[in-house]
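An overview of the molecular structure
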Amino acid sequence: MRAYSSREKWVLVGVMREEWRASWCKQRWEDMGTRDTEHPRVKAASGDAAAERELSWAADPEWASYKLGIFICLNCSGIHRNLPQISRVKSLRLDFWENDLTEFMKKHGNVCAKAKYEAKVPPYYYIPQSSDCLVLREQWIRAKYEREEFVATRVCQDPCSAGSREGFLWKRGRESRQFQKRRFLLSAREGVLKYYTKESRGPKAIINIENLNAMFQTEKIQHAHGLQITYNTDGQTRNLFVYHESGKEIVDWFNAIRAARYHYLRTIFSAVPEPELIPRITRNYVKEGYMQKTGPKQKEAFKVRWFCLDSQERNLMYFKNPLDAFAQGQVFIGRMDAGYEVRAGLPQGVRVKKRKPAITVVTPMREFVFICENDREQREWIDALNGVIAQPLTG
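Predicted model, so just to flag it, every value in this text is computed and none were measured. (Residues numbered from 1 in each chain as written. Predicted model: local features only at pLDDT ≥ 70, side-chain atom pairs only at ≥ 80, totals over all residues. Heavy atoms only, no water.)

The next thing to look at is the packing of aromatic side chains. One pass over the full model with this rule turns up 16 aromatic pairs. Summarising the aromatic geometry, the rings of phenylalanine 307 and tryptophan 381 are spaced 6.4 Å apart at their centres and angled 75 degrees between planes, so their arrangement reads as edge-to-face. Taken together, the residues phenylalanine 307 in strand β12 (residues 303-310) and tryptophan 381 in helix α12 (residues 375-390) connect sequence positions 74 residues apart. Among the residues examined, tryptophan 381 registers a relative accessible area of 0% and is labelled buried. Ring pairing ties together the aromatic residues Phe307, Tyr318, Phe370 and Trp381, which thus form one cluster. Directly above the aromatic system of tyrosine 196 lies the positively charged group of arginine 183, at a separation of 4.2 Å from the ring centroid. (Phe/Tyr/Trp six-rings, centres within 6.5 Å; stacked < 30°, edge-to-face > 60°. Helix = DSSP H or I, 4+ residues; strand = E, 2+ residues; numbered from the N terminus. Buried < 20%, exposed > 50% of the residue type's maximum accessible area, 1.4 Å probe, protein only. Lys NZ or Arg CZ within 6 Å of the ring centre and 35° of its normal.)

Given below as structure tokens:
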């Protein structure tokens, strides 16, 4: 085996990293014609950082797993360090690289690892991005390398089977506001999610898969495994806040809901191309946060409310508290050609005691006035609202 100098090793690793990034990006750009650009796997190809540098090919990973032969980012290096049986981590800049490890990295690499460990990722399985919570990123890495769930020899479950699950989750009570253990039953075949408060009685709620959504909300729920489940009932959005002590269990529930949703969409919209269905399986809110709002006369006192912008439903919902079961109200956000517009500042004649950045949402019926905490929040809300206004209306 040839002996490399320290400089040669650094140059070699750098060249390998550049070759990996170029080949990976080329592969993803070739796939652009068959995948939705809003899907995380494709968004990463256009430069969006995803959960691991090995899957995201974003800028300059500075770490590597010399046991797997892959380059990884700083955040994911911490997760890999917790898996010493399958992954060992070194810094590309700070650590010494022995010749045999350099040769190993040269012979393997991220593209090779992806071909092995991501051979059979189901279309409904959520591949996290760098902005996603720790539990999603950690369980994705564990699923790939520790449990080897997606290798070619694994038998994949069909979405109907994968979308069926039963077990207990801690659910926040609507009135008590305390988390209590509840039994949940998900059936893709029946197209419903049920939960029970007492075993001797029927289900407390039967939720149609058609109206179901799920998103991780670890900060809002103040639990590392917090999941928000939403559905439509009687024209309102109902929120359920749940968690499980096990990170694997809550992520398995999340992907089971995605499998059930995928099965429903694939059945109902069989002629629609898959890349158009994938982004509609589940979704996060475009933006959430506190703003102040006034009433329809624009003379009422401004009150602090928690706002959530749902781009798919085109609704801006507001709540008295972030963990409320139902919204106090909502504003439909249509298209500009239908008379919808968002403006920075207050409407003429509206006065506030303390000058703060404001937003006016213009609809055909009335103007809604909101006050933001600072300029950054104002810009983010305006950008988010304009993004929804620019979207085409879907049936």
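The first and last C-alpha atoms of α12 sit 22 Å apart over 16 residues, in line with the 22 Å expected at 1.5 Å per residue. Here α12 has its buried residues at Glu377, Gln378, Trp381, Ile382, Ala384, Leu385, Val388 and Ile389. Each buried residue of α12 lies within a common arc of 165 degrees when the element is viewed along its axis, so the set occupies one face. Projecting away from the buried face of α12 at angles above 90 degrees are the exposed residues Asp383 and Ala390. Against β11 (287-293), β12, β13 (315-319), β15 (341-344) and β16 (358-362) lie the buried residues of α12. Put simply, asparagine 374 is the residue that caps the front of α12, since its side-chain oxygen is 3.2 Å from the backbone nitrogen of arginine 376. (Expected span 1.5 Å × (residues − 1). Arc of directions from axis to C-beta. Contact = heavy atoms within 4.5 Å. Polar contact = N/O pair within 3.5 Å; in protein donor to acceptor, adjacent residues only side chain to side chain.)

Our next topic: the nonpolar core. Ranked by size, the top nonpolar core spans 58 residues in total, and within it Phe184, Leu186, Leu193, Phe216, Leu227 and Ile229 carry the most contacts. Element by element, the count of residues in this core is highest for helix α10 (residues 247-268), at eleven residues. Here isoleucine 229 is in contact with Leu193, Leu212, Asn213, Ala214, Arg238, Asn239, Leu240, Val242 and Ile257, once residues within four sequence places are set aside. (Core = buried A, V, L, I, M, F, W, Y, C linked by side-chain atoms within 4.5 Å.)

Attention now goes to the side chain of glutamine 298. Take glutamine 298: it is sitting in the loop between β11 and β12. Since its relative accessible area comes to 18%, glutamine 298 is described here as buried. If we ignore the near neighbours within four places in the chain, the residues touching glutamine 298 are Pro347, Val350, Glu367 and Val369.

So, about the sheet that holds strand β8 (residues 213-216). Here we have seven strands laid out as an open sheet, ordered β7-β6-β5-β4-β10-β9-β8, and antiparallel in their pairing. The open sheet is flanked by β7 (205-208) and β8, the only strands paired with a single partner. Neighbour-to-neighbour, the strand axes of the sheet open up by a mean angle of 35 degrees, direction not taken into account. Sheet topology note: the strand β5 (residues 179-187)/strand β6 (residues 192-196) ladder contains five bridges and is antiparallel. Looking at the pairing, phenylalanine 184 lines up with tyrosine 195 of β6. Most of the contacts of α10 go to strand β4 (residues 164-172), to which it runs at about 120 degrees, and overall it touches β4, β5, β6, β8, β9 (227-233) and β10 (236-243). (Pairing = 2+ DSSP bridges. Axes fitted to C-alpha atoms, helices over the stretch in contact; angles between N-to-C directions.)

The predicted model of the chain averages 86 in pLDDT, with 84% of residues at 70 or higher. Predicted confidence in the chain is weakest over helix α2 (residues 40-43), with a mean pLDDT of 31, and strongest over β8, with 98. Here residues 24-58 is a poorly scored stretch, pLDDT under 50, and it has 92 contacts once near neighbours within four places are set aside; other chains count. (pLDDT = per-residue confidence, 0-100.)

Time to look at the packing of helix α7 (residues 134-146) against α10. α10 packs onto α7 with a crossing angle of 90 degrees between their chain directions and a minimal axis gap of 10 Å. One way to sum up the angle between α7 and α10 is to call them roughly perpendicular. From α7, Val135, Leu136 and Gln139 reach across to α10, where they touch Gly247, Lys248, Ile250, Val251 and Phe254. When its residues are assigned to classes, the contact of α7 with α10 shows five nonpolar, two polar and one charged. (Parallel < 35°, antiparallel > 145°, perpendicular 65-115°, else oblique. Nonpolar A, V, L, I, M, F, W, Y, C, P; charged D, E, K, R; others polar.)

Every second residue of β11 is oriented toward a common face, the buried set being Lys287, Gly289, Met291 and Lys293 and the non-buried set Glu288, Tyr290 and Gln292. Alignment of β11 against β12, held across seven bridges, turns out to be antiparallel. Bridging across to β12, glutamate 288 finds its partner in cysteine 308. As judged from the two bridges shared by β11 and strand β17 (residues 367-371), these two strands associate in the antiparallel manner. Note that in β17 the partner of lysine 293 across the bridge is phenylalanine 370.

With that out of the way, let us pick up the pattern of salt bridges. Going through the model one piece at a time under the given rule, you end up with 25 salt bridges. Measuring nitrogen to oxygen at the nearest pair gives 3.7 Å for the salt bridge that ties arginine 335 to aspartate 337. By relative accessible area, which is 66% here, aspartate 337 ends up exposed. A salt bridge links arginine 376 to glutamate 377; its shortest N-O distance comes to 3.6 Å. Linked through salt bridges whose partners overlap, the residues forming this network are Arg165, Lys248, Glu249 and Asp252. (Salt bridge = Lys/Arg side-chain N within 4 Å of Asp/Glu carboxyl O.)

What follows concerns unusual backbone geometry. A positive phi angle is found at arginine 177, which is not glycine, with a value near 65 degrees. Here aspartate 234, not a glycine, exhibits a phi torsion of approximately 55 degrees, which is positive. As for its placement among the helices and strands, aspartate 234 is situated in the loop between β9 and β10. In this structure aspartate 234 comes out as exposed when scored by relative accessible area, which is 78%.

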